Amino acid sequence: MAEVKKEKLRIRLHVYDTEMSVNVLPEEEYLYRNAAKLITDTVNTYANAFKGTKGEKDLLYMSLIDIALRYEREASRNDTEPFSDLLGKLTSEIEDALKD
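### Observations regarding the confidence of the model for the chain
Step number 1: Predicted confidence across the chain gives a mean pLDDT of 89, with 94% of residues reaching 70 or more.
Step number 2: When the elements of the chain are averaged for pLDDT, helix 3 (residues 81-99) gives the smallest value, 81, and helix 1 (residues 29-49) the largest, 97.

### Notes on unusual backbone geometry
Step number 1: Even without being a glycine, tyrosine 16 presents a positive backbone phi close to 55 degrees.
Step number 2: Residue placement: tyrosine 16 occurs in the loop between strand 1 (9-15) and strand 2 (18-24).

### Re the packing of helix 1 against helix 2 (residues 56-77)
Step number 1: Relative orientation of the contacting elements helix 1 and helix 2 amounts to 125 degrees, with a least axis distance of 9 Å. The angle between the axes of helix 1 and helix 2 places the two elements in the oblique class. Our pair here, helix 1 against helix 2, has a crossing hand that is right-handed. Taking contact as the criterion, the partners of Leu38, Ile39, Thr42, Val43, Tyr46 and Ala47 in helix 1 are, on helix 2, Leu59, Leu60, Met62, Ser63, Asp66, Ile67 and Arg70.
Step number 2: Residue composition of the contact of helix 1 with helix 2, grouped by class: nine nonpolar, two polar and two charged.

### Some remarks on the environment of aspartate 66
Step number 1: Tracing the sequence through the fold places aspartate 66 in helix 2.
Step number 2: By relative accessible area, which is 19% here, aspartate 66 ends up buried.
Step number 3: Note: C-alpha distance between aspartate 66 and glycine 88 (22 residues apart in sequence) is 36 Å.

### So, the packing of aromatic side chains
Step number 1: A complete count under the given rule lists one aromatic pair for this structure.
Step number 2: Aromatic pair tyrosine 46 and phenylalanine 50: ring centres 6.3 Å apart, planes at 10 degrees, arrangement stacked.
Step number 3: Directly above the aromatic system of phenylalanine 50 lies the positively charged group of lysine 54, at a separation of 5.9 Å from the ring centroid.

### Side note on the side chain of threonine 42
Step number 1: Within the secondary structure, threonine 42 sits in helix 1.
Step number 2: Take threonine 42: its relative accessible area is 4%, and that puts it in the buried class.
Step number 3: At 2.7 Å, the side chain of threonine 42 forms a polar contact with the backbone oxygen of leucine 38.
Step number 4: Discounting chain neighbours no more than four positions away, the residues touching threonine 42 are Ser63, Asp66, Ile67 and Arg70.

### What about the pattern of salt bridges?
Step number 1: According to the stated counting rule, one finds four salt bridges in the structure shown.
Step number 2: Across the pair arginine 70 and aspartate 66 runs a salt bridge, and its minimum N-O distance is 2.7 Å. Placement of the pair is arginine 70 and aspartate 66 together in helix 2, with a separation of four residues, close to one helical turn.
Step number 3: Residues arginine 77 and glutamate 74 are paired through a salt bridge, measuring 3.3 Å at the closest nitrogen-oxygen approach. In this pair, arginine 77 and glutamate 74 are both assigned in helix 2, three residues apart and thus about one turn of the helix distant.
Step number 4: For arginine 77, a relative accessible area of 62% corresponds to the exposed category.
Step number 5: The class of glutamate 74 is partly exposed, set by a relative accessible area of 37%.

The rules we used
Residues numbered from 1 in each chain as written. Predicted model: local features only at pLDDT ≥ 70, side-chain atom pairs only at ≥ 80, totals over all residues. Heavy atoms only, no water. pLDDT = per-residue confidence, 0-100. Helix = DSSP H or I, 4+ residues; strand = E, 2+ residues; numbered from the N terminus. Axes fitted to C-alpha atoms, helices over the stretch in contact; angles between N-to-C directions. Parallel < 35°, antiparallel > 145°, perpendicular 65-115°, else oblique. Left-handed = near helix turned anticlockwise from the far one by under 90°. Contact = heavy atoms within 4.5 Å. Nonpolar A, V, L, I, M, F, W, Y, C, P; charged D, E, K, R; others polar. Buried < 20%, exposed > 50% of the residue type's maximum accessible area, 1.4 Å probe, protein only. Phe/Tyr/Trp six-rings, centres within 6.5 Å; stacked < 30°, edge-to-face > 60°. Lys NZ or Arg CZ within 6 Å of the ring centre and 35° of its normal. Polar contact = N/O pair within 3.5 Å; in protein donor to acceptor, adjacent residues only side chain to side chain. Salt bridge = Lys/Arg side-chain N within 4 Å of Asp/Glu carboxyl O.

Here you go:
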């Protein structure tokens, strides 16, 4: 079956102190805009907290670590592998019990 090529939108995002052009799928535009806002808000929070004591590069790295940490926490909360392992063991035990 032939794949339908989706038309992408070219949008401009304001990320902290930079304007960027990106090509996005229409259904993902809001995700990109929310991501840009998250980055801007996070950098602004650190910039206000460390006004005059940290350089812009440090602020960007601190924000990057903050956002990555949020992502990692969320990813670990949604890790279903332990449940899959447990279900596999339980299924095996149930099958063994039914054989008897």
